[in-house]
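# Fold and geometry: a report
Chain residues, written in single-letter form:
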Amino acid sequence: MQVNCLVLFSGGLDSIIACKLLQGQGLGVTALMFITPFFGYRHRGRAAREQERIRADYGIDARIIDISRDYLKMVADPPHGYGRYMNPCIDCKILMVKKAMELLGRFDASFVASGEVLGQRPMSQRKDTLRVIERESGAAGRLLRPLSALHLPETVPERQGLVDRSRLLGLSGRGRKAQMALAASFGITNYPTPAGGCVLADPILSARFKRIFAFRSGFDINDCLLAQVGRHFRLPDGSWLVVGRNQVENQRIDSLLSAGDIRLEMRSLAGPTALWRPVEGGLEAVGLAAGILYRYVKENSGPSEVVLSGPVASEHETRMQPFDRQEILTVEQPAVDELLEKFRF
Ligand code: SF4
């Protein structure tokens with residue numbers, strides 16, 4: 001009878017190799033690609049297409065699973081803290097392994113594996129933290145790291161003979177040469193570069209997330225997606241203004257409008273779209289929000305008009321669509337740019 005396992009799958013080279021090593025031993029491998037607003041979210045609603053691509057490119061059976069709800073709870077206050085930026089790598093791994101352990105039964109799988117490499121990352125891939133991840137996820141003895149297994153204690157599937165330890169690897173450190181050679185031996189050439197993927201580890205975006213987590217205590221998926229678009233301002237009343245930098249961002253901002261938001265656009269001048277997320281019941285800063293928008297219009301002089309509108313729920317209330325209420329506000333461009341810099345984050 002075939003033995004099955006679940007492999008945490010980021011789409012990066014190490015996770016691809018972990019899958020291929022286990023497939024090479026005759027195991028049934030299902031790759032779990034967890035997504036949140038901070039990584040992989042572009043695949044949401046298009047899971048079938050990405051799963052098909054992974055199958056075609058690597059011969060791996062993948063499942064894309066949205067864990068945003070639990071992730072947002074964790075990222076606000078991760079028990080093991082953040083890495084260099086807002087990346088809670090240890091708790092992120094613990095959560096993913098825990099989720100994978102919960103799915104073992106559904107996939108008739110015996111254990112979980114990951115592409116972690118000892119010593120590759122300063123925070124989450126030290127020997128002691130690998131142990132912490134295993135223990136706190138409830139996977140003690142059942143989390144196999146095929147790329148570094150020879151540096152780590154024997155796991156239950158190895159002891160039970162489900163996996164042949166002698167065919168696992170003893171990689172460590174940050175180099176990628178060995179992984180690249182292995183990929184070539186599996187006939188895989190089109191794997192992604194190591195950087196990128198998780199916006200929590202991005203120096204600029206993580207600084208913004210830090211502010212947002214602090215001033216929006218109940219932040220949600222939409223807040224986290226909005227944080228990744230446009231120029232951001234926190235106005236003196238605590239409200240949040242986002243101004244698009246190009247057409248693509250203007251469209252993205254429109255798609256993220258939700259109940260309570262105000263959309264701003266110049267009435268007769270070409271310019272960006274802005275989304276203003278007021279504090280509850282506080283509309284005093286609307287003039288400032290409109291003025292900031294006007295600041296980003298190229299051809300401007302004297303007073304001009306800004307159209308304010310609010311989205312209304314569509315019939316099914318699943319998506320907001322513009323707009324049934326509209327107001328026109330006459331504004332002057334703010335005179336002092338330093339003032340804008342004070343609000344920008
Ligand atoms: S970089 Fe991001 S996705 Fe990767 S372990 Fe850290 S928090 Fe998780």
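All values reported here derive from a predicted model rather than from experimental measurement.

Rules used throughout
Residues numbered from 1 in each chain as written. Predicted model: local features only at pLDDT ≥ 70, side-chain atom pairs only at ≥ 80, totals over all residues. Heavy atoms only, no water. Helix = DSSP H or I, 4+ residues; strand = E, 2+ residues; numbered from the N terminus. Buried < 20%, exposed > 50% of the residue type's maximum accessible area, 1.4 Å probe, protein only. Contact = heavy atoms within 4.5 Å. Near = heavy atom within 4 Å. Nonpolar A, V, L, I, M, F, W, Y, C, P; charged D, E, K, R; others polar. Pairing = 2+ DSSP bridges. Axes fitted to C-alpha atoms, helices over the stretch in contact; angles between N-to-C directions. Phe/Tyr/Trp six-rings, centres within 6.5 Å; stacked < 30°, edge-to-face > 60°. Lys NZ or Arg CZ within 6 Å of the ring centre and 35° of its normal. Domains from an automatic or database assignment. Core = buried A, V, L, I, M, F, W, Y, C linked by side-chain atoms within 4.5 Å.

A tally of regular secondary structure across the protein chain gives 12 helices and 11 strands. By principal-axis analysis of the C-alpha atoms, the protein chain measures approximately 75 × 40 × 35 Å. Of all 345 residues assigned to the protein chain, the portion counted as buried reaches 51%. Summarising the internal contacts of the protein chain: among those between residues at least 6 apart in sequence, 62% fall at separations of at least 24.

Every residue close to the ligand is listed here: Phe39, Tyr71, Pro88, Cys89, Cys92 and Cys198. Tallied by class, the residues present in the shell around the ligand amount to six nonpolar, no polar and no charged.

We now examine the sheet that holds strand S2 (residues 28–35). On the basis of which strands lie adjacent, the open sheet formed by five strands has the order S3-S2-S1-S4-S5 and parallel pairing. Of all strands in the sheet, those with a lone pairing partner are strand S3 (61–66) and strand S5 (143–144), marking the two edges. Sheet analysis places strand S4 (residues 111–113) next to S5, joined by two bridges and oriented parallel. Its bridge partner being in S5, Val112 is matched across the sheet by Leu143. The sheet contacts of helix H2 (residues 47–58) involve S2 and S3, and relative to S3 the element is tilted by about 150°. The sheet contacts of helix H4 (residues 89–103) involve strand S1 (4–8), S2, S3, S4 and S5, and relative to S2 the element is tilted by about 135°.

We now examine the packing of aromatic side chains. Applying the stated criterion to the full structure yields nine aromatic pairs. Measuring from centroid to centroid gives 5.9 Å for Phe215 and Trp240, while their planes differ by 85°, and the two rings are edge-to-face. Within this pair, whereas Phe215 is found in helix H8 (residues 203–215), its partner Trp240 is found in strand S7 (residues 240–243), the two being separated by 25 residues in sequence. Under the relative-accessibility criterion, Phe215 is labelled buried at 17%. An aromatic cluster of at least three residues, connected via ring pairs, comprises Phe38, Phe39, Tyr71, Phe209, Phe213 and Phe219. Lying over the aromatic face of Tyr296, Arg231 brings its terminal NZ or CZ to 4.0 Å of the ring centre. Across the ring face of Tyr296, the terminal group of Arg295 is positioned such that the distance to the ring centre comes to 5.2 Å.

On to the domain arrangement of the protein chain, then. With domains assigned, the protein chain is organised as domain 1 (4–185) and domain 2 (229–343). Inter-centroid distance (C-alpha atoms) of domain 1 to domain 2 is 42 Å.

Let us now look at the nonpolar core. Core analysis: the biggest nonpolar cluster contains 51 residues, and Phe38, Tyr71, Phe209 and Phe213 have the highest contact counts within it. Broken down by element, this core gets its largest block of residues, nine residues, from H4. Taken domain by domain, the makeup of this core includes at least three residues from each of domain 1 (4–185) and domain 2 (229–343). Core analysis: the second largest hydrophobic core is formed by 33 residues, Leu21, Ile35, Phe111 and Leu169 among them.

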